[in-house]
There are 2 protein chains.
Amino acid sequence: LAKTVLGLYADAQRRQEQAAMPRPVTSAANPAAKLLRALEMKKTRVEERLFRAEGVRIVTEALDLGHHPAMAAVTEEGLARPTTEDLVVRLEAAGVDVMVMPGRLMESIARRDNVQTLLAAFPIPEVPLEDLPIPADGLFVVLDRPRDPGNLGTILRTADCVGAHGIILIGDACDPWSVEAVRASMGSIFALPVVHADLASVTNWCKAHDVSLIGTTPDTQTRFDEPDVAGAIAVVMGNEQSGISDAVAAACDSLVRIPMQGRADSLNLAVSTAVMLFDIWRRRGYANAR
Amino acid sequence: LAKTVLGLYADAQRRQEQAAMPRPVTSAANPAAKLLRALEMKKTRVEERLFRAEGVRIVTEALDLGHHPAMAAVTEEGLARPTTEDLVVRLEAAGVDVMVMPGRLMESIARRDNVQTLLAAFPIPEVPLEDLPIPADGLFVVLDRPRDPGNLGTILRTADCVGAHGIILIGDACDPWSVEAVRASMGSIFALPVVHADLASVTNWCKAHDVSLIGTTPDTQTRFDEPDVAGAIAVVMGNEQSGISDAVAAACDSLVRIPMQGRADSLNLAVSTAVMLFDIWRRRGYANAR
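Residues numbered from 1 in each chain as written. Chains lettered and ligands numbered in written order. Predicted model: local features only at pLDDT ≥ 70, side-chain atom pairs only at ≥ 80, totals over all residues. Heavy atoms only, no water.

Turning to the relation of the copies chain A and chain B, a few remarks are in order. Laying chain A over chain B is done by rotating through 180° and shifting 0.0 Å along the axis; what remains is an RMSD of 0.1 Å. One copy is carried onto the other by what is essentially a two-fold rotation axis. Here 100% of the contact residues of chain A are again contact residues in chain B; the copies associate through an equivalent surface. (Least-squares fit on C-alpha atoms with pLDDT ≥ 70 in both. Contact = heavy atoms within 4.5 Å.)

Turning to helix H4 (residues 56–64) of chain B, a few remarks are in order. Residues and elements named next belong to chain B. Considered for burial, the residues of H4 that qualify are Val56, Ile58, Val59, Glu61, Ala62 and Leu63. Contacts from the buried residues of H4 go to strand E2 (50–54), helix H6 (82–93), strand E5 (118–123) and helix H9 (179–185). Following H4 by one or two positions, Gly66 adopts a phi angle in the positive range, close to 90°. (Buried < 20%, exposed > 50% of the residue type's maximum accessible area, 1.4 Å probe, protein only. Helix = DSSP H or I, 4+ residues; strand = E, 2+ residues; numbered from the N terminus.)

A few words on unusual backbone geometry. All names here are of chain B. In the Ramachandran plot, Asp210 falls in the positive-phi region, its phi being about 60° despite a non-glycine side chain. Relative to the elements of secondary structure, Asp210 occurs in the loop between helix H10 (199–209) and strand E9 (212–216). Of note, Tyr286 is a non-glycine position whose phi angle comes to about 50°, a positive value. With respect to the helices and strands, the residue Tyr286 is situated in the segment after helix H12 (269–283).

Okay, the pairing of strand E4 (residues 98–101) of chain A next. Residue and element names in this part refer to chain A. Residues Val98 and Val100 line one face of E4 and the alternating positions Met99 and Met101 line the opposite face, and both faces are buried. As defined by bridge partners, strand E1 (residues 23–24) adjoins E4 across 2 bridges and the pair is classed as parallel. Counted as the bridge partner of Pro24 is Val100 from E4. (Pairing = 2+ DSSP bridges.)

A few words on the sheet that holds strand E8 (residues 194–196) of chain B. Residue and element names in this part refer to chain B. The strand order across the open sheet built from 6 strands is E8-E7-E6-E10-E9-E11, with neighbouring strands paired in parallel fashion. Of all strands in the sheet, those with a lone pairing partner are E8 and strand E11 (254–256), marking the two edges. Neighbour to neighbour, the strand axes of the sheet diverge by 25° on average, direction disregarded. For E9 and E11, the ladder comprises 3 bridges, and the chain directions are parallel. Counted as the bridge partner of Gly215 is Leu255 from E11. Of the strands in this sheet, strand E6 (139–144), strand E7 (166–170) and E8 touch helix H8 (residues 149–161), which is tilted by about 150° from E7. (Axes fitted to C-alpha atoms, helices over the stretch in contact; angles between N-to-C directions.)

What follows is the structure, encoded as structure tokens:
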């Protein structure tokens, strides 16, 4: 470990005059360690305006996308792995305070089901609805009161894959910055803007910018591939139990249903959102596909 | 425990002739209550050949689809609700032994995150591959070592919605009869046959019955909507981390990729399966859609 830290120090010195060293932390009572753990709670995330991302891959992607963590923690074992060490060097060079801790302390911070060698806390991006860029072929996902953070994270991941331009949460939505949603997003939480707004603001925004609002519901005979997909579109998906509210349905320019057969009467929310988004992208010729 | 189950069957049969009444159970040490709880463990499910379904809606659907539970439990509070009471009357009429227990005892049996008023244990259906009916437009989902039971249950739900004819699990797959998979399937576990088989058997079955095996992988330039969808099809989806194995890829008649854009490099497994299945159904004209 001593050698690794010296190596890191030398690397960092080459980059910066005043390079920070990874800071050893051994106690769960350390305030920064306590904060990293407390970011599992919405209350702490709201107060600190920070959220937690776990793992070398996601934190690397966040840096690639221009996000700057407020702090990070790495395990001693992690520092011995080249990819983790490279990331720590990169974080240090960017002036991020990196704690080095025993694996056991990291285990007490992370959830037991997903212990990683590296964690970082990022500022929650505050994007007002009016700041969302709207390309001519804009594609947005409006979620009416989503309840499950795993679904929300999976929807972020899918939206990123089809090149959507943002997620808009209305009503009493689960927290996109929760550990579970961030994890399910597989890094896409850093790639797409996530906006909280009320229905009236979304309706006004759609009218002002000529975005058509397409709501999904079983209560219509219009199939999901009928409405025109030219121009900017916002697809509205409802709550897992109750679907879109009457007020949301009334605000939509069109309502569509996803076809089904047999006894089944609904799809998982992340699945139905994916089916909607991929069919829109199909009708747009899979533009920009890799 | 096996004896207990046989005993319960005998009890139930005796009572069917004598106008059965729900049987009060107040102790967690009651063997039937212990068995219901132990069905959370794979070991118990394998030994008893039983699995647990939770909630009035799913158990009602199971009965509608012709499945017959080995035993059931209802809370005292649940019995006061008309829909729950109706189901209990139906279970009793079918000769099922129904335990009535305090809510607190049910809470100790069910998982804390999903306490229902009614649980039932059903025999695990054993469907050999050679018994799977293969319609001319057969649609099957082959899952190569799926790891996450939530994904597996969600895939069952989606497959049911598009009218697929069965799920085939190959390799080291998570358990479709786990509480989590059954729950995520939203009752579809009772609607579709689920088969365990090895790759060689699946390959032989496909050849013998003219089923084309379409594997999904990022390592091809063939887009997912290129192969012909006439005739019977089995779509092969890989493990969440590693995708389809080389051996599975070699056994496929064609390999396809789902288009993606941006930095995102993969979809959630339940999402990619849904995108595949809905696009096949689309190219079949959404036949049999409600």
